[in-house]
Amino acid sequence: ADPPKQTGAEFAPASGQEAMTPAPMPEEPAPTEAAVPPPAPEPLKDPQIAGVTQAANQAEIEQAKIAQKKAKHARVKKFAAMMIKHHGDAQKKQDKLVKKLTITVEESPALAELKTSAQSTLTKLESAPAGADFDMAYMNAQVEAHQQVLDVVDKQLLPNAQNEELKTLLTEMRTVIEAHLTEAR
């Protein structure tokens, strides 16, 4: 005898039940490149750390000298004078320590980034017209620069400094940088 013929009725839902249709196969998601974080910067050595702080001090002094010529408000001129004094003093302290420790300043990616940023700011300040607009541009640049340097100190300089005297100097500098940032705001 022939097997019974299947009509499909045997797969029909029982009374009161919904028909079950096979779920569509999920589409394979297109392969995506996972966002790869940038590699962590190489740990800085003491000579590279000295290079970064030296460049930061020099940039602040150069920018402040422009501000003393172009600023309109007494508060901005006073801030610029403070930058020249504080960063000049910090540079003298560092020069003395670098000489004592016989450190020769070295280049690093952090130094290159800081120099590029400082040069860009200097160019903007040199081309900005004197007066109230300059005051705003200078003070905004000071907030930006001091925040950038504070981040570098916290993330790259202090954690990597090997010499205890250099660490102490960086800690002192950090306190002053933070005060400058607060004052600039």
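In this report, the structure presented in the accompanying data block is examined. Keep in mind that this is a model prediction, so the values were computed, not measured.

**Quick notes on the packing of helix α1 (residues 46-70) against helix α3 (residues 109-127)**
Line of reasoning, step 1. Contact geometry of α1 with α3 gives a least axis separation of 10 Å together with a crossing angle of 5 degrees. When the axis of α1 is compared with that of α3, the two are roughly parallel. Of the residues in α3, those touching α1 at Gly51, Val52, Ala55, Ala56, Ala59, Glu62, Gln63, Ile66 and Lys70 are Ala110, Leu111, Leu114, Lys115, Ala118, Thr121, Leu122, Leu125, Glu126 and Ser127.

**Examining the nonpolar core**
Line of reasoning, step 1. Within the largest apolar cluster, 22 residues are counted, with the highest numbers of intra-cluster contacts made by Ile49, Val52, Leu157 and Leu170.
Line of reasoning, step 2. Elements supplying a minimum of two residues to this core: α1, α2 (74-100), α3, α4 (132-160) and α5 (164-184).
Line of reasoning, step 3. A per-element tally of this core places α5 first, with 6 residues.
Line of reasoning, step 4. The residues contacting isoleucine 49, other than those within four sequence positions of it, are Leu44, Leu157, Asn160, Ala161, Leu166 and Leu170.

**A word on α4**
Line of reasoning, step 1. Over its 29 residues, α4 extends 41 Å from the first C-alpha to the last, a length consistent with the 42 Å expected when each residue adds 1.5 Å.
Line of reasoning, step 2. Maximum bend of α4: about 45 degrees, positioned at valine 153.

**Remarks on the pattern of salt bridges**
Line of reasoning, step 1. A full pass over the atoms with the stated rule returns 6 salt bridges.
Line of reasoning, step 2. One salt bridge in this structure joins glutamate 172 and lysine 93, with 2.9 Å as the shortest N-O distance. On the criterion of sequence distance, the pair formed by glutamate 172 in helix α5 and lysine 93 in helix α2 is long-range, its members being 79 residues apart.
Line of reasoning, step 3. Classification of glutamate 172 by relative accessible area gives partly exposed; the value is 36%.
Line of reasoning, step 4. A salt bridge links arginine 174 to glutamate 178; the nearest nitrogen and oxygen atoms lie 3.1 Å apart. One end of the pair is arginine 174 and the other is glutamate 178, both in helix α5 and 4 residues apart, which spans about a single turn.
Line of reasoning, step 5. Arginine 174 gets classed as partly exposed once you look at its relative accessible area, which sits at 21%.
Line of reasoning, step 6. One network of salt bridges, in which partners are shared, links Asp154, Arg174 and Glu178.

**Concerning the packing of α1 against α5**
Line of reasoning, step 1. Close contact between α1 and α5 brings their axes to 12 Å; oriented N to C, the two are set at 30 degrees. Of the possible angle classes, the one that applies to α1 and α5 is roughly parallel. Crossing hand, α1 versus α5: left-handed. Contacts between α1 and α5 involve Asp46, Ile49, Thr53 and Asn57 on the former and, on the latter, Leu166, Leu170 and Met173.
Line of reasoning, step 2. Tallied by class, the residues present in the contact of α1 with α5 amount to 4 nonpolar, 2 polar and 1 charged.

What counts, and at which threshold
- Each chain has its residues counted from 1, running along the sequence as written.
- Reporting in this predicted model follows two pLDDT cut-offs: at least 70 for local features of residues, and 80 or more for side-chain atom pairs to be given and counted; totals over whole chains, interfaces and linings ignore these cut-offs and use all residues.
- Computation of side-chain values: all heavy atoms of the structure, hydrogens and water removed.
- Here the axes come from fitting lines to C-alpha atoms, over the contacting stretch only for helices, and the angles between their N-to-C directions go from 0 to 180 degrees.
- Helix numbers and strand numbers start at the N terminus; a helix is a DSSP run of H or I with at least 4 residues, a strand a run of E with at least 2.
- Put simply, angles under 35 degrees are roughly parallel, angles over 145 are roughly antiparallel, angles from 65 to 115 are roughly perpendicular, and the rest are oblique.
- Any two residues having at least one pair of non-hydrogen atoms within 4.5 Å are treated as being in contact.
- Residues grouped as a nonpolar core are buried Ala, Val, Leu, Ile, Met, Phe, Trp, Tyr and Cys residues, joined through side-chain atoms within 4.5 Å.
- The buried label goes to any residue with under 20% of its type's maximum accessible area, the exposed label to any with over 50%, and the partly exposed label to all in between, with areas taken from a 1.4 Å probe on protein chains only.
- In this analysis, the expected span of each helix is defined as 1.5 Å times one less than the number of residues it contains.
- The angle between axes fitted to the seven residues ending at a residue and the seven residues starting there is what we call the bend at that residue.
- Salt bridges, as used here, are contacts in which a Lys or Arg side-chain nitrogen is within 4 Å of a carboxyl oxygen on Asp or Glu.
- It is the rotation of the near helix from the far one that decides the hand of a crossing: anticlockwise by less than a right angle makes it left-handed, clockwise makes it right-handed.
- Polar here means any residue outside two lists: the nonpolar Ala, Val, Leu, Ile, Met, Phe, Trp, Tyr, Cys and Pro, and the charged Asp, Glu, Lys and Arg; Gly therefore counts as polar.

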